[in-house]
Amino acid sequence: MKKRILILTMLCFTAFQAQDRNYAIVTGAPFLRISPDARSGGLGDQGVATSPDGFSQFWNPSKYVFGTSYSGIGVSYTPYMNKLTNDVFLLNGTFYTFLGEEERSTLGASIYYFNMGEIQLNELLGNNIVEKGISKPNEFAIDLSYGLKLADVYSMAVTARYIRSDLYNNVDNSSAQTKAANTFAVDVTGYFQSEKTDVFGDYQGKWRAGWGLFNMGPKLDYSDSKENSSFLPTNLRLGVGYDLYFDEENKFGVTLEASKLLVPAPEEVTDASGNRYYQIPDKSFISGMFSSFGNKDMVKEITYSISGEYVFNNAFAFRAGYFYESPEKGARQYLTLGAGLKYQSFGVDFSYLITTSSINNALDNTLRFGLTWDFGGETSNSLDNY
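Note that this is a predicted model, so its numbers are computed, not measured.

K.L.:
Give me the lowdown on the overall build of the chain, citing residues and values where you can.
P.N.:
When you go through the chain residue by residue, the secondary structure sums to four helices and 21 strands. Taking all 386 residues of the chain together, the buried fraction comes to 49%. Restricting the contact set of the chain to residue pairs at least 6 apart, pairs at least 24 apart contribute 62%. When the accessible surface of the chain is split by element, carbon and sulfur atoms take 59% of a total near 18,300 Å².

K.L.:
So what's going on with the packing of aromatic side chains? Which residues, and what values?
P.N.:
This structure, assessed with the given rule, holds 18 aromatic pairs. On the basis of an interplanar angle of 80° and a centroid distance of 5.9 Å, the ring pair of Phe58 and Tyr112 is categorised as edge-to-face. In this pair, Phe58 is assigned in helix α3 (residues 56-59) and Tyr112 in strand β3 (residues 105-115), connecting sequence segments 54 residues apart. This pair shows no difference in class: Phe58 is buried, exactly as Tyr112 is. Ring geometry for Phe312 versus Phe316: centroids 6.5 Å apart, planes at 25°, classification stacked. Under the relative-accessibility criterion, Phe316 is labelled partly exposed at 40%. Taken together, Phe31, Phe58, Trp59, Tyr80, Tyr112 and Phe114 form an aromatic cluster joined through their ring pairs. The lysine or arginine in question, Lys196, covers the ring of Tyr245, its NZ or CZ lying 3.9 Å from the ring centre.

K.L.:
Kindly report on the environment of Tyr191, identifying the contributing residues and their values.
P.N.:
With respect to the secondary-structure elements, Tyr191 resides in strand β8 (residues 181-193). Residues Tyr191 and Ser51, spaced 140 residues apart in sequence, show a C-alpha to C-alpha distance of 9.8 Å.

K.L.:
Outline a nonpolar patch on the surface, supporting the account with residue identities and numerical values.
P.N.:
A contiguous nonpolar patch, built from Phe192, Val199, Phe200, Tyr203, Trp207, Val240, Phe246, Phe252, Val254, Leu256 and Ile306 and spanning about 960 Å² of accessible area, is present on the exposed surface. Sort the elements by how many residues they give to the nonpolar patch and strand β14 (residues 250-261) lands first, with three residues. Examined against the element boundaries, Phe246 turns out to sit in the loop between β13 (235-245) and β14. You can call Phe246 partly exposed: its relative accessible area is 32%.

K.L.:
So what's going on with the pattern of salt bridges? Residues and values would help.
P.N.:
One pass over the full model with this rule turns up 13 salt bridges. For the salt bridge of Arg161 with Asp187, the shortest nitrogen-to-oxygen distance reads 2.7 Å. Taken together, the residues span a long stretch of sequence, with Arg161 in strand β7 (residues 154-166) and Asp187 in strand β8 at a distance of 26 residues. There is no split in this pair, since Arg161 and Asp187 are both buried. When the shortest N-O distance is used, the salt bridge between Lys300 and Glu328 registers 3.1 Å. Taken as a pair, Lys300 in the loop between α4 (285-291) and β17 (303-312) and Glu328 in the loop between β18 (316-324) and β19 (333-343) lie far apart in primary sequence, 28 residues in all.

K.L.:
Could you give an account of the nonpolar core, with specific residues and numbers?
P.N.:
Among the nonpolar cores identified, the biggest contains 26 residues, and Phe31, Tyr80 and Ile163 are the most heavily contacted of them. Put simply, the parts of the chain that give this core at least two residues each are α3, β3 and β8. Counting residues in hydrophobic clusters, the runner-up holds five residues, among them Ile25, Phe231, Leu261 and Ala265.

Calculation criteria
Residues numbered from 1 in each chain as written. Predicted model: local features only at pLDDT ≥ 70, side-chain atom pairs only at ≥ 80, totals over all residues. Heavy atoms only, no water. Helix = DSSP H or I, 4+ residues; strand = E, 2+ residues; numbered from the N terminus. Buried < 20%, exposed > 50% of the residue type's maximum accessible area, 1.4 Å probe, protein only. Contact = heavy atoms within 4.5 Å. Areas by Shrake-Rupley, 256 points an atom, 1.4 Å probe, with all protein chains shown as cover. Phe/Tyr/Trp six-rings, centres within 6.5 Å; stacked < 30°, edge-to-face > 60°. Lys NZ or Arg CZ within 6 Å of the ring centre and 35° of its normal. Patch = residues over 30% accessible without salt bridge, like charges linked within 9 Å, V, L, I, M, F, W, Y side chains within 5 Å. Salt bridge = Lys/Arg side-chain N within 4 Å of Asp/Glu carboxyl O. Core = buried A, V, L, I, M, F, W, Y, C linked by side-chain atoms within 4.5 Å.

This is the structure we're talking about:
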């Protein structure tokens, strides 16, 4: 018996829209709000200000310029809603490389794919159920980034992204004229990493900071009607962190990050009959970005995460994090745990999520993992890594 994966997935992202008092914000392509890699998954789903790694493309590609390997590849897999099904998952693949011998610029690319499983489509004709085929809804994004070191301690990057959302795959719904939605988006990011300085006795440390504007682009249009168009999950991320080096083999880093959706909240509308309901404002994505700072209870739209990471000999890593979202804006609240192993140029990362909220989380008790491969030799940044 085929599962109604499409219905379950859409309910997962729109359940809070029906709770009028919460003014929850709903966007298209919500998979772009899900952490794609296991390292960030173990750090409370943060990455704009953490140290560089192979999966920086999603979080902040300007970090690549401070990477210790000339080139790298990463692949991560995340089972989704695994309490209900085993054929829904997210798959992410990344690649980056330095350009030129001066090691001041990088090129990055990635593909992020969300498979929503298979759905048996049926139609009721009289008292008979007629099978209408199989639907395989999916979403994916492909992007390309360019990063440049503007100073010894600061870099910036620009990312271009193509997004496709096919929620109505193989669904015959000519009356609604539904279709796969396509659009593009742009990210602009920056990253600061100080030089090492002496702090406590023989200990050394360095600061990290990052920012980014993500998914700035036109709406996703699922039909020829504006009523079926959805804002992208445009968001602003800010973060700061600090790495403390106990010696050449032991390092501990702590990072704090905050994020806010730059999307207008649902507005209360009263029709001619006096009925009140909420609807998404009909605005352009640029107007929506600026007006989002005037949303009701705007401060409650900010999510927070804090994490700690201990690294031994650049070979073993232990991670923990906490993510918080206001109960009135989605109530995502959870602890994360993670670990990483690295042998020569190969690495593997794991993470596990434990929800602390009364609201179910699609990734609760889910084990995520990722693989990385560094090649092309070390960069000059590796000299300052110990």
